[in-house]
Structure formats: C-alpha cells, structure tokens
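Secondary and tertiary structure notes
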Amino acid sequence: MNLKWRQKAARHPVTKAILHPAITLAGLLMLLMLVFFGTLYQADHGLYEAQRIFFSYVIWVADIVPFPGSSLVLWVLSIQLIVFMLFQLPLVWKKAGLWVVHGGLLLLLVGGFITQVKAVESQLTLAEGETGHFTTAYDKWEVAVWKAHADTNIVVSYYDYDLTPGAVLDLSPWPARLTVMRYYENAAAFTSLVTGGTLPYLTASGIASIEPRKPEKDAPANSPGLIARLSSGKGPDREILLYGMETRPLALTIGGERMMLQLRRRHYPLEFSLKLNDFVRTLHPGTDVAKSYESYADLQDGLASRPVKIWMNNPLRYKGYTFFQASFAINKDGEHSTFAVVTNPGRLIPYISSIMVFAGMLLHFLVHFYGYVRRTARK
Amino acid sequence: MSVPKPPPRSVLLTTLAAVIFSAGLTACQKDPQPHHYREIAFKEKNGSMLGEVPIKMAWTLPDGWVDQPEGDPLRVAGFLAPSPELAHTGEMDPQAVDVSLVQLAGDAGGLDANVVRWLGQIKIPASYAEQAIAAAKPIQTATGQKGIVVDFTDMLSGDMTQSKSIIGAIIQSNGYTVFVKAMGEKDRLVKIKPQLLQFCDSLKITETAK
Amino acid sequence: MKNRFLSSLAPTLALMALLLAPSRSHAQMPLSSEGPSTVAPNPELGGQFTLLPEDLGRPSKGLKDKELEAFASMAVLHDGRVKPMETMARHMMLQWSGHDAYHGTPALSILAQILFAPEKTGDLKLFLIDNPEVAEALKIKPEKSRRYSYREIEPSLSKLQTLSQHADSVPDMKRNVVQKEILRTFGNIAAYLNLTRSLQFALPSASLLIEVPETRNVLNLPTSAEAGSTVSFWELMERAPMMAQILDGINRDSGWEYSPVENEIVRLSRAMYLQSQTGMASSLHIIPNPDQVGVWMSPSEVVATPAMLQRLNAEVGALAGLASSYRNGDAKAFQEQSESFNAAVIRLAPEDMGKTLFKLEIFKNRLNPLFVATVLFWISMFTAFLFFLFPAGRAVARWLYRLTWLVAGAALAFLIASIVIRILIMHRPPVTSLFETFPFVAAVSITVALFLERRSRQGAALLAATLLGTLLLSIANRYAADGDTMQMLVAVLNSNFWLSTHVICITTGYSACVLAGAIAHIRLVRGAWTPNPTGHAKTSIREIDRMVFGTLCFGLLFSFIGTVLGGIWADQSWGRFWGWDPKENGALLIVIWCAILLHAKHWGVVRESGLAAGAVLGAVIVSLAWQGVNLLNVGLHSYGFTQGAVVKLFTYIGAEILFLLVVWLVTEIRKRKTVTT
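Residues numbered from 1 in each chain as written. Chains lettered and ligands numbered in written order. Predicted model: local features only at pLDDT ≥ 70, side-chain atom pairs only at ≥ 80, totals over all residues. Heavy atoms only, no water.

**Focus on the overall build of chain A**
Our working rule: Helix and strand assignments follow DSSP, with helices taken as H or I runs no shorter than four residues and strands as E runs no shorter than two, numbered in order from the N terminus. Note that the radius of gyration is over C-alpha atoms, with the globule rule given as 2.2 Å times the number of residues to the power 0.38. Relative accessible area decides the class of each residue, using a 1.4 Å probe on protein chains only: under 20% of the type maximum gives buried, over 50% gives exposed, and in between gives partly exposed. Contacts: residue pairs with any heavy atoms within 4.5 Å of one another. Computed by Shrake-Rupley with a 1.4 Å probe, the accessible areas treat only the displayed protein chains as cover when residues are assessed.
If you tally the helices and strands in chain A, you get 7 helices and 18 strands. For a compact globule of 379 residues, the expected C-alpha radius of gyration is about 21 Å, and chain A comes in at 28 Å, more than 25% above that figure. Taking the principal axes of the C-alpha coordinates as reference, chain A spans close to 100 × 55 × 40 Å. Sorting the 379 residues of chain A into buried and exposed places 45% on the buried side. Residue pairs in contact within chain A that sit at least 24 positions apart in sequence constitute 55% of those at least 6 positions apart. Surface summary for chain A: the accessible area is close to 19,300 Å², and the carbon and sulfur share equals 63%.

**Topic: a nonpolar patch on the surface**
Residues and elements named next belong to chain A. Filter applied, for reference: Like-charged residues within 9 Å of one another, or nonpolar side chains (Val, Leu, Ile, Met, Phe, Trp, Tyr) within 5 Å, are grouped into patches, provided each residue has over 30% relative accessible area and no salt bridge. The term salt bridge refers to a side-chain nitrogen of Lys or Arg lying within 4 Å of a carboxyl oxygen of Asp or Glu.
A cluster of nonpolar side chains, namely Tyr57, Val58, Trp60, Trp75, Ile79, Phe113 and Val117, defines an oily patch on the protein surface of about 680 Å² accessible area. With respect to the helices and strands, Val58 occurs in strand β1 (residues 58–61). Take Val58: its relative accessible area is 37%, and that puts it in the partly exposed class.

**Describing the pattern of salt bridges**
All names here are of chain C. For the structure on display, the rule yields 28 salt bridges over all chains. One salt bridge in this structure joins Lys125 and Glu152, with 3.2 Å as the shortest N-O distance. In this pair, Lys125 sits in the loop between α5 (107–116) and β5 (127–128) while Glu152 sits in helix α7 (residues 150–153), placing the two residues 27 residues apart along the sequence. By relative accessible area, which is 28% here, Lys125 ends up partly exposed. Across the pair Arg422 and Glu436 runs a salt bridge whose closest N-O atoms are separated by 3.2 Å. Pair noted here: Arg422 is in helix α22 (residues 395–426) and Glu436 is in helix α23 (residues 434–456), with a separation of 14 residues, a long-range link.

**Considerations on the domain arrangement of chain A**
Put simply, the rule is: Each domain's extent was defined by an automatic or database domain assignment.
Taken as a whole, chain A is organised into domain 1 (4–118 + 347–378), domain 2 (120–132 + 269–343) and domain 3 (137–267). The centre of domain 2 of chain A, based on its C-alpha atoms, is set 31 Å off from the matching centre of domain 3 of chain A.

**Observations regarding the packing of helix α20 (residues 358–367) of chain C against α22 of chain C**
Residue and element names in this part refer to chain C. In plain terms, the rule: Axis definition: a line fitted to C-alpha atoms, limited for helices to the stretch in contact. Angles are taken between N-to-C directions and run from 0 to 180 degrees. For a crossing to be left-handed, the near helix must be turned anticlockwise from the far one by less than a right angle; the clockwise case is right-handed.
At a closest axis distance of 10 Å, the pairing of α20 and α22 adopts a crossing angle of 145°. Crossing of α20 against α22: the hand is left-handed. Packed against α20, whose contacting residues are Leu360, Glu361, Lys364 and Leu367, the element α22 presents Phe414, Ile421, Leu424 and Ile425 at the interface.

**Here we look at the sheet that holds strand β11 (residues 238–243) of chain A**
All names here are of chain A. Put simply, the test is: Any two strands with at least two DSSP bridges between them are considered paired.
Strand order in the open sheet made by the 4 strands is β6-β7-β10-β11, with antiparallel pairing throughout. In this open sheet, the two strands that pair with only one neighbour each are β6 (168–170) and β11. Each strand of the sheet is rotated relative to its neighbour by a mean of 30°, with strand direction disregarded. Sheet topology places strand β7 (residues 176–184) next to strand β10 (residues 225–232); 8 bridges connect them, and they run antiparallel. In the sheet register, Tyr183 faces β10, and the bridge partner there is Leu226.

**Regarding the packing of α22 of chain C against helix α24 (residues 460–480) of chain C**
Residue and element names in this part refer to chain C. The test is simple: If an angle is under 35 degrees, it is roughly parallel; if it is over 145, roughly antiparallel; if it lies from 65 to 115, roughly perpendicular; otherwise it is oblique.
Interaxial distance between α22 and α24 falls to 11 Å at its minimum, and their mutual angle equals 40°. The angle between α22 and α24 places the two elements in the oblique class. Of the two elements, α22 crosses α24, and the hand of that crossing is left-handed. Together, Tyr401, Thr404, Trp405, Ala408 and Leu415 of α22 and Leu462, Thr466 and Leu473 of α24 make up the contact between the two elements.

**Let's talk about the packing of aromatic side chains**
Filter applied, for reference: Only the six-membered ring of Trp is used, alongside the rings of Phe and Tyr, when aromatic pairs are assigned; centres must lie within 6.5 Å, and planes under 30 degrees apart are stacked while those over 60 apart are edge-to-face, with the rest tilted.
Within the structure shown, the criterion is met by 35 aromatic pairs over all chains. Seen in terms of ring centroids, Phe272 of chain A and Phe323 of chain A are 6.0 Å apart; in terms of plane orientation they differ by 65°. Their pairing is edge-to-face. Taken together, the residues span a long stretch of sequence, with Phe272 of chain A in strand β13 (residues 257–283) and Phe323 of chain A in strand β17 (residues 321–331) at a distance of 51 residues. On the basis of an interplanar angle of 40° and a centroid distance of 5.5 Å, the ring pair of Trp96 of chain C and Phe127 of chain C is categorised as tilted. Of the two residues, Trp96 of chain C is situated in helix α4 (residues 85–97) and Phe127 of chain C in strand β5; the sequence distance between them amounts to 31 residues. With relative accessibility at 2%, the residue Phe127 of chain C sits in the buried group.

**Examining helix α8 (residues 157–169) of chain C**
Residues and elements named next belong to chain C. Short version of the rule: Here a helix's expected span is defined as the number of its residues, less one, multiplied by 1.5 Å. Each direction from the helix axis to a C-beta atom contributes to the arc, which is the arc of those directions.
A rise of 1.5 Å per residue sets the reference length of α8, with its 13 residues, at 18 Å; its end C-alpha atoms lie 19 Å apart and thus fit the reference within 8%. Among the residues of α8, Leu157, Leu160, Gln161, Ser164 and Ala167 are the ones counted as buried. Projected onto a plane normal to the axis of α8, the buried residues spread over an arc of 130° and lie on a single side. Counted as exposed and oriented over 90 degrees from the buried face of α8: His166 and Ser169.

**What about the sheet that holds strand β3 (residues 66–67) of chain B?**
Residue and element names in this part refer to chain B. Pairing is antiparallel across the open sheet formed by 7 strands, whose spatial order is β3-β4-β5-β9-β8-β7-β6. Each having just a single partner strand, β3 and β6 (137–140) make up the two edges of the open sheet. Sheet topology places strand β7 (residues 146–151) next to strand β8 (residues 164–173); 5 bridges connect them, and they run antiparallel. Bridging from a neighbouring strand, Ile148 pairs with Ile170 of β8. Contacts from helix α2 (residues 111–121) reach β7, β8 and β9 (176–185) within the one sheet, and its direction differs from that of β8 by about 165°. Helix α4 (residues 186–202) rests against β4 (75–81), β5 (97–105), β6, β7, β8 and β9 of the sheet, and its axis sits at about 155° to β9.

**Considerations on unusual backbone geometry**
As a rule of thumb, non-glycine residues mostly have phi less than zero, and peptide bonds are mostly trans rather than cis. With an omega of 15°, the peptide bond between Ser172 of chain A and Pro173 of chain A qualifies as cis. Take Pro173 of chain A: it is sitting in the loop between β6 and β7. Even without being glycine, Lys319 of chain A reaches a positive phi, approximately 50°. Judged by its relative accessible area of 46%, Lys319 of chain A falls in the partly exposed class. Backbone geometry places Lys139 of chain C, a non-glycine residue, at a positive phi of 55°. Its place among the elements puts Lys139 of chain C in the loop between α6 (132–137) and β6 (147–148). On the basis of relative accessibility, which here comes to 70%, the residue Lys139 of chain C falls in the exposed class.

In structure tokens:
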C-alpha cells in the first residue's frame, strides 16, 4: 500500500535532498569521529568539559575550523529519519521490521532529548540518624535568598545560568532587586592583606576580592563567585560578594526583615523525607574489596512512614525519584551514606525503544532469512 | 541500486533554513526565572540553627554609637563606637571600634575555649587565657543575667605588626551564651570601655516561648 | 592481583625492618623484653646474615611430589576466595617466576618446601626480574634466565626496600617500568619471606637454643643427638604446663641463685613469648575462625591469641605434626595428618567449604584445558593452511580437511569445558573479567564458524575458526600468566542478572564482528588471487560474501542489544542510562560502524569487497572497544590493565591497515593484468 501523496512527496527534490544517502553516511561517520575523539578528550579533560564541547552545535577545531557537534548531527539525522518514515519507507509487510526498528530509533532519540533537557541528577548525604528533606546538585549552582519562618525557610533562588552581568533578579515577595555585576563559574577568593580595613563588599566570611579561574576538570570541584548590587526601596544600594566555598550565608536586613543570601549548590526540595537509620558495609573476607553497601532508612511522606533498604544495584524508586547507593564516608563524625538521586521523565523510553529496535531487527532478519531459505530450497 | 546523483540546489535552501532555524532557537534571550520553594531550616555544621533564636534582646545604645548589623549571620547586632570626642561632630571616626553582639545556643564551647579564640584573633598565645579569666570583672545585665568582662588591652600581642585588642563580655545562662565583643585599636578601646560596660548593663534578655 | 598485595606495603615494610635483625644460630638473643632490635646486619659476622631460618642440626628429609596429594586439597582463603592449596601454589609461582612449575617440580612441592623446610629454598631461582635495569640497581649479577634465588637478592634487600618506598610514593599512573618492576619484585620477596615464617612455630628456632643438656631431661625432650641443639616453639608449647610449674617454683623461691636449668627455662619462656607476639600477620589463612563465618586465620595469628589457641589446639598441633612428618620424610604420617586437618577445617567452616569444588579445581589446574585447546588450535591452523595448498578434490586435501575438523572440534570441546568448569567453581556467569572475554569470544565465534562451515564446506569458515582460536587463546594464555584469573568481583559488578545478560550479549556481538573480520580477511585474499572470478570460483566467493554480510548483521544485532542492556544495567545501578563511559562509547562505535557498513552496502556505495574491507576495520574497532578503552584508565570500566598492551594494540591496527593496503594494491594490479592478457 503506497499512498499517492506519499509517492508524490517522495519524488519531490526537497525530500530527495533531505534523504540523500551522503547526508546519512556523512552524519554517521561524523558521529563515529565525535564519539572516538570525545572519549580521548575525556581521558585528559574530564567528562563535563568533554560533554560541553562535543555536545554543542559547532566545535571549533584549533579555534578556526568548524566541525559539527553531536547536537547538530543528531538533529540532522533525526529530521532525516522523520522524513524517511513519513515519505519513503515502503508501507509493506515485508518491511515491517524496518518500520519497528526506525520507529524505535526515533523514540530513542526523542528519549535522549528529553533526558538531556529534563533530567535532574543530585545527591543526598546523610549521617546515621539524620533526616534529609532536599537533595543537592553536584555542579549546578543557585543564588538563594531566604527568610526564616518558624522551622521552614521561604526561599527565592536564581540558577547559575541566569547570572549574567547586568541581569536583574527580582526578589519578590521581598521589596528588593539583585543586579548581577560579575559572576564567575570558577573563582579564587582572597581575604584582605590589611587587618582592620573596611572591606569593599559585604561578605559573610571576610572575602575582599574574587578572581576568575579556568573551570576544573572535575566540574563539582568548581567554586563560583558572585558580585552583585542589592537595591531595595528603602536605604542605599549595597554591594555584596558571595563565594561558593563559604559555609555561612550572608545576613542582611531587607525592608526591615532579616534575610539570608548564599551562593550554593542547587537545593531540590523533596516532597517527602528520608531518614537514615543505619549504614552497613561488608568486605570480601580477607581483602579490602567491598562486597556490598547497604543503607537502612525510613521513608516519611506526610504522616506515613515505612522502612526501606537501599543497596548497590537496588535503588529506591518513589514518586519519580530514584535513590541509588552511591558512596559512603566513615570518619570521626560517624558513618555517612551518600545517595545519587535522579528524576528523569524520560527514564523508561530507552527500555521501550530498545525492545522495539531489537524486535524490529529480529523481525527483519527473520523475514529475509526465511526468504533466503525458501530460495535455496527451491534450487 | 545505482549510485545517486549529486544533490540539487534545493539542498542549499534546506540547509539554510535549518541553520536559520537553529540560530533562532539558540539566540532567544529569556528573562531570569525565579524559583520559589520552602525547605526545612537546616542545621549548620557547628550545630547552631540559622533560624529563630530562643531569646529576645533589647538594649540602650550609648551616645555616638552607630548601628552596623550586616555581614556575619551569627551577629544579632553590630555597632561602630567612635571616640567620644567625635561623637556628635558628624565626623566619621576611621578608627571606630567594632562592637558585635552574638548569641549562641548552649555553652558555645565553654568559657575557656571562647577566651582562647579571642586571644587567637589578636595573636596572643592561649596560655594567657587563665590569667585573663582570673583578672576578669563580673557584670550583670538589666534582666539579671550574670557574666564576666575580659580586657586584653594590657596584654602584649605576639605579632608586632598587630596593634588591635579586644574587650569582651561573656554572659552565660542556661541554654544560651551571649557575647559582646569590642575590637579595635588599644587606645580607642580604653576610651570607650565605660560606654561598653554601660551597654552591657543595659542589656535586657528575655526568653521567648519555644 | 598484585595491586592488592601492594596496598599492604606499609605493614610489609614494617615486617622487613623488623626482620632485619641478626638471627644466626650462635648469636645470642638479647634478653631484654623490649622486643627484637632493628639493628643493621653485623658486618663482623662476615656479612652472611640471612632472614631464612636454618635447619640448626635438624635437616629436613622432605617428601616426594606424589606424597603431597592431601596437601594439595588443603583449603586456604586467598584473594577473597577459598581455594585448594595447589591453586594458591601455582598462583604464587606464576607471580614470582612467570611459570607455574619449577623446572618440572610442581608448584605445590615448592610451596611445601617453603612452608615446612624454608632453609632449603634459599637457592631456588624463583624470582623473575625481567628488567635488566632493576637487576643492575640491586647489584645482582644478571642471569640469562632472568630468574634469581632469594640468596642472590638478599644482600641488596635494604636497597630494594628503599627503592620500593620511593616507588610507592609515586602515584600509580606516573610510575615508570623500572619502578613497577621494583615494586613487583619487592612484593614477591615479601610474600616469600612471609610464607617462610608462616609455620615458624613448628620449625627449629634459633632463639630457642638449649644449652644445658639437663633441660632436655626435665622437659622430656629428645636428646640433642636426635634432634640438634634447638627445639621448635610448638615442642615447648606442648610442655608448657611443665614449664609453668617450674616457673611457679622459681617465683616462690626467694633465693638469689637460679640453677642453670631454671635460668634456661626462664630464658626459653621469654623467647617464646617474644616469638608468639612477633609472629606477624601471615598470608596463610588456613584455619577458619569458629565464631565468624568467612573469616580465616593464619596459624601465627592463632598462636598469638591465647583464647583461640586453646580452642584450636588440636588443629594447630596437627599443622605442627605435618611439619615434622614432612621434615622426617614420613609420607604416611603426613597423609594422615593432612586428611585429619582437612576434615577439621570442613567441620569448622561448613558454609565456606560447602561452596567449594576442590577436586574439580585441582583437576582443572593439572589438565589446563585452556592450554590444551590453544595447542590444538595451533595444530588445526597449520593443517588448515596445508589443506589450502593442495587443489580441492585430491585425497590429501580431503584428509587434511577431516583432520582439521577433528582437531578444531576437539579444541572447541576443551575450550567449552574450561568455560563450564570455571562457571561451576566460581558460581557466576562466564564473563566477568577482561581475561574471561577471550575464551568466551573464541568459543562463540568458533562455534558459529563451524556451523557456517558445515553448510558451505569450502574451508574458508574453518580456516577462520582456527585462526581465531589460535589468536584469541594465545592472548588469553598471556593474561593467565598474570596470576589467578578467578578473582572476586567489586561490589558494583556484583549483580548477576544484568551482568550476565549485558556482558554476554556484548561479547557475542564482539564475537560476530571478529568472525566477520576473520572471514573477510580470507575473502579479500581470495579476491586478490582471482580478481575477476567466473563460474565455480564466483559462486564460492559469493558464498563467502554472504557469510560476511550475515555475521555483520548478527554482530550489529547483538552489539546493539548488549549496548542497550549495558545502559539498562547502568540505569539500575547508577541512575543514568548512558554516561559516556569509554567502554560504553566503544560499544557504540561498533554499532555505528556496523550501521554505516550495512547502509553503505544497501545504497551501493560499497560492493562486496568494500564490505569485506569494512568488516576488517570493524574488527579493528572491536579491538579498540575491547582492549583500548582499558588503556585510557578512566571511568567505571578500568579494571583490566596489561603493561605493553598499547604497543601490541597499535601494532595490530597497523598490521591490519597494511594488510588492507597490500590486498587492494595486489587486487588492482592483478585486475589490470587479467584484463590486458
């Protein structure tokens, strides 16, 4: 069954241009080279940097020669795939396997895109007996402004990608604005050499200045710095300095209220809380190779609470969150368990698409194998 | 299937369209997006809550002292105490003494530890702590809490480039400790010491219901 | 592996420092109770100090190889696994000298000597020092065999210690070849010395010298004529109550003068105490802890803990008995005592021992099916080549063909047997370490190749099978030389279901692509030989082309599934489906390349010979994904590192590219020639 409109569209020069085999082959070859060189680059420069460079739209080789980045190549191949399935792939039973394969492939690309855009990875470290109500990002930052209200803090925050020079951050409901003067993704901080002199900016830790540094190979090791102007309706403007490695927030009075400001790794509040009761590590006997790590916790949601066990290769899945036993620390403060926490709406897509591609390939090969056997049997 | 012919002109048009489209996507500037949420007030590593404190304080500000609360979140209040002669002249005293009022939960590490900490800030060896505490004078706030005043102005610092000193009051009561610390040039400190004692006497500390 | 021993370098260095004290039979042991001194060797003693015990007048008679059967199946906890003594012996020999036997003497006999009669092992050339620079640095006269005895190395022991400390302070990745060799040598020597002291309590001891003949009567010890001038710790231990009585008497006696016997007994008891406390942690974990499952202790550990010693007195005594039977040459007593000791161990650790299959493991050690398979594949490869030399149809050719099938089939059987035995012994699926991928890939690709050969009967697939068997298993045997190939898994990999499915699929994908590459080589040579084929030649080449195409499709299918399953495993364990880990990327490269080839073929951009060339390149990509990623030393997949592998990998890639160029040139030249003629 090949519809008339399909046949017409397939013959159109634009369609032919889009579906030109040279584009597919070139695209796939470029992907091959990107993956290969990206892997080599990663060994020296770290995953974060490698992803940033190789996943962009254009890579500037030696700063002069442009080369397509993975995003561009994948967009082009995705468009080709869609057009191919829309107009060219024959709607016959013999090609059913190919339909399933390419459909699954398209789904995989879509899933990858969703993950890229919407997945959030963070971590949660708890000491035995401690309860966690939010998770913390690894290498993404926010400038958070909050006011204490009984046991809870009411927070307004802006993520690091919004902190461009000149950006105006509205701190409503509080009557103030923060204008970004300088923001560095990675910076070194310096205290004043002169004791007792006045500091140029308001800070919580007595830092006098910050200077930009090249981003670390291991992105979570970055420490950003922010210099901004705080203006409120009443009183003069104040210039503040916030630095990523500070342990205390900056306390200011805004509109008569005592507020805290901090440049910190993003907090992602949980709709529930997790209380770590016990962490257990067992070693292979007679060695120092770890056999298993296990955390025993209580999952508290509202008034309900149930005990859970999280251990290697056995995460906890609840309300779209997945908690993985990632690592641990045992020091003089006791035993701590660290969980990797992931929310990813596109999590199940690779499973579905993989099944589709596998089934499609199998189907296609079986159809052809069957045909081959019939042909050789006839001879 | 034969090898395909070279692509026609339409390829250029399509590619151009694609490039413009993607350029448009990336060039879009968006306004900064605020994120609003609530979270449980979390404890700091040293255990003090950065939320509400269980005591309320009031005081009478001595003549000439100026409010300066900003910066360190552990400060309840901070002041600049100028030399009494310059009090009402409108002149800014560049060597005004910095006075901070801090409240911490519990015994905040203990009397000795805090005296040692202050000594360290002006580079005096910790071994002098005992001597300093022995020479301390007792004080009492307006609401009856008792404390001591330590005065380091007659002690020599180990660092010859260091000319600052500290006079401080430590008021310990059950469940909390209040520190009043005046830090500045030695001669200034001596001049404002009476005002400092006046300030401590005027402190009204009331415990709020939990 | 080596690294685990090296991580205990600090305590080992401490052991060395502690042991570098004179211990000759006629040097007086200091009577202070401060512990052994760390005095440097006394040059006045002629610089002949040694860390090895001496026989002190009670030479060992030893036992013959076949008299050590029961000892072979004595259980020992080593590298996290309970294994028979024989496996550990082979492993140690491999680590030290690169061979698993010593000039025909089995490793087990050498180990027995080291444990029971260490004084005799000083001149055995056990230690391989491959790098001549290291031998020079240690001022050892270089030998052609590059293997040295302990006594040759002993004079430079402190130098070796200093050099190792220096090398250890350099981070792992920055160490050069010489530093790695020094650390390896030091580790091996330390392991050796550790073993020589493991049964110290049962061997004649220089510090337990008996000078007063009457002591022997009092303590009911054999005369010096029978037993030399010293006793073993254990012999005294057996007489401890008697000694305690005498000591008690001394305590109550308020006199100043002690009799010579009393003096000696005081001295002996002090020396005994010292010895029991300085028996350092030994690597010979053969006594299970009755209170803790999975924890095994060394004899010196038990001796140093009075509570344990009381409970396990019989077992420790049995070991001492083993030592004396060995030294007395009493095979029957040795056998009986071994068997009773082994039975005691089973009683003490039923859980651990229940999981073991010692008989099977010892059988596998001795038979070495993997090695047999390798040899058979070499033979079959030669017969396959010979087969191609003769024109098809001749009787010789037919016989060679059958012979090749037979030998290759037998080799495959041994290979599969080795994989199955491994699964049974380790209780885990077949592919869990880099080493294990080789036998598995070989097994799958050769099985498929033989299946293809049965259908086509051309000999091409058969030749490919023999080539693959020879190449892959030779590499596997090189890996095996690294030591014990049956290691425990890190926690991250300890998940049987996803582990088995993902890894098996990926290695099956590797197998298919590797097979396609192998057959493609043959096809390209055929194509160069007859560039314009007609008639029968044409059909046979077409058939080979179909084989290449089919196996490539098969390879794409399994590589894709394996890659996806890897993503699912990663999602289950670490929270992300794809993390751009080098090994994940390697698998992706294979999938992309196969897709490129098949689409290019579909569009006519390449024809049959082009596809074959592509398959050869596919094999190159497989080798990069399989081996190359481990050389990047990054990410979660870096658990297999072989020195010198970079050179070998690049040589292989270079060879393949050269092959393609040569074939292409020859094909073009011959095409022109056949056209013009």
